[in-house]
Amino acid sequence: MAENLHQRLQKASHQIDEAQEAVRLAQGQDAELIEKAYDQLQHAEWELQQAQHEAGKEATENPQFQQAYQQLHDTRQQVQEAKQNNSDVL
């Protein structure tokens, strides 16, 4: 169970990192990259939800889970800002 939790958290963290990179590269100008980042965040969120569902309190008390969840939230804000900036440019 703990190994599965670790794998899910690693996968979610990796997807969040990729989303952050896509947002950075898009810099409010590339709608396709922004959408890719959004999709990656959706997958990361699903992984975190599955980890929480499968491991329960063990997942939510895990520092890696907490960090990934915070990164997910922060990156989602960056994506929203990038989408807004992109629509402002158009």
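For the structure, check the block above.
Here the structure is a predicted model, which means the values were calculated and not measured.

Novice: Explanation requested: the packing of aromatic side chains in the structure shown.
Specialist: Ring pairs (aromatic) are described by centroid distance and by the angle formed between their planes. Within the structure shown, the criterion is met by one aromatic pair. Plain terms: the ring middles of Phe-65 and Tyr-69 are 6.3 Å apart, the flat faces sit at 15 degrees to each other, and that makes the pair stacked. One end of the pair is Phe-65 and the other is Tyr-69, both in helix H4 (residues 63–89) and four residues apart, which spans about a single turn. A relative accessible area of 6% places Phe-65 in the buried class. Residue placement shows Lys-83 over the ring face of Tyr-38; its charged tip is 4.2 Å from the ring centre.

Novice: Would you take a moment to explain helix H2 (residues 31–55) for this structure?
Specialist: Count 3.6 residues to each turn of an α-helix, and residues three or four apart come out pointing the same way. For H2, spanning 25 residues, the distance from its first C-alpha to its last is 36 Å, which sits close to the expected 36 Å at 1.5 Å a residue. Listed in full, the buried residues belonging to H2 are Ile-34, Ala-37, Gln-40, Leu-41, Ala-44, Glu-47, Leu-48, Ala-51 and Ala-55. Put simply, Asp-30 is the residue that caps the front of H2, since its side-chain oxygen is 3.1 Å from the backbone nitrogen of Glu-32. Among the residues trailing H2, Gly-56 stands out with phi positive, at a value near 60 degrees.

Novice: Would you explain the pattern of salt bridges in this entry?
Specialist: Side-chain pairs of opposite charge can arise whenever the charged atoms involved come near each other. As enumerated under the stated definition, the model contains seven salt bridges in all. One salt bridge connects Glu-47 with Arg-8, and the closest N-O pair in it is separated by 2.8 Å. In this pair, Glu-47 sits in helix H2 while Arg-8 sits in helix H1 (residues 2–26), placing the two residues 39 residues apart along the sequence. We note a salt bridge from Glu-21 to Arg-24, for which the minimum N-O separation is 2.7 Å. Remark: Arg-24 and Glu-21 occur in helix H1; sequence separation between them is three residues, near one turn of the helix. When its relative accessible area of 36% is taken as the criterion, Glu-21 is described as partly exposed. Using a relative accessible area of 47% as the deciding quantity, one classes Arg-24 as partly exposed. Three or more residues joined by partner-sharing salt bridges are found here, namely Arg-8, Lys-11, Glu-47 and Glu-54.

Conventions and cut-offs
Residues numbered from 1 in each chain as written. Predicted model: local features only at pLDDT ≥ 70, side-chain atom pairs only at ≥ 80, totals over all residues. Heavy atoms only, no water. Phe/Tyr/Trp six-rings, centres within 6.5 Å; stacked < 30°, edge-to-face > 60°. Helix = DSSP H or I, 4+ residues; strand = E, 2+ residues; numbered from the N terminus. Buried < 20%, exposed > 50% of the residue type's maximum accessible area, 1.4 Å probe, protein only. Lys NZ or Arg CZ within 6 Å of the ring centre and 35° of its normal. Expected span 1.5 Å × (residues − 1). Polar contact = N/O pair within 3.5 Å; in protein donor to acceptor, adjacent residues only side chain to side chain. Salt bridge = Lys/Arg side-chain N within 4 Å of Asp/Glu carboxyl O.

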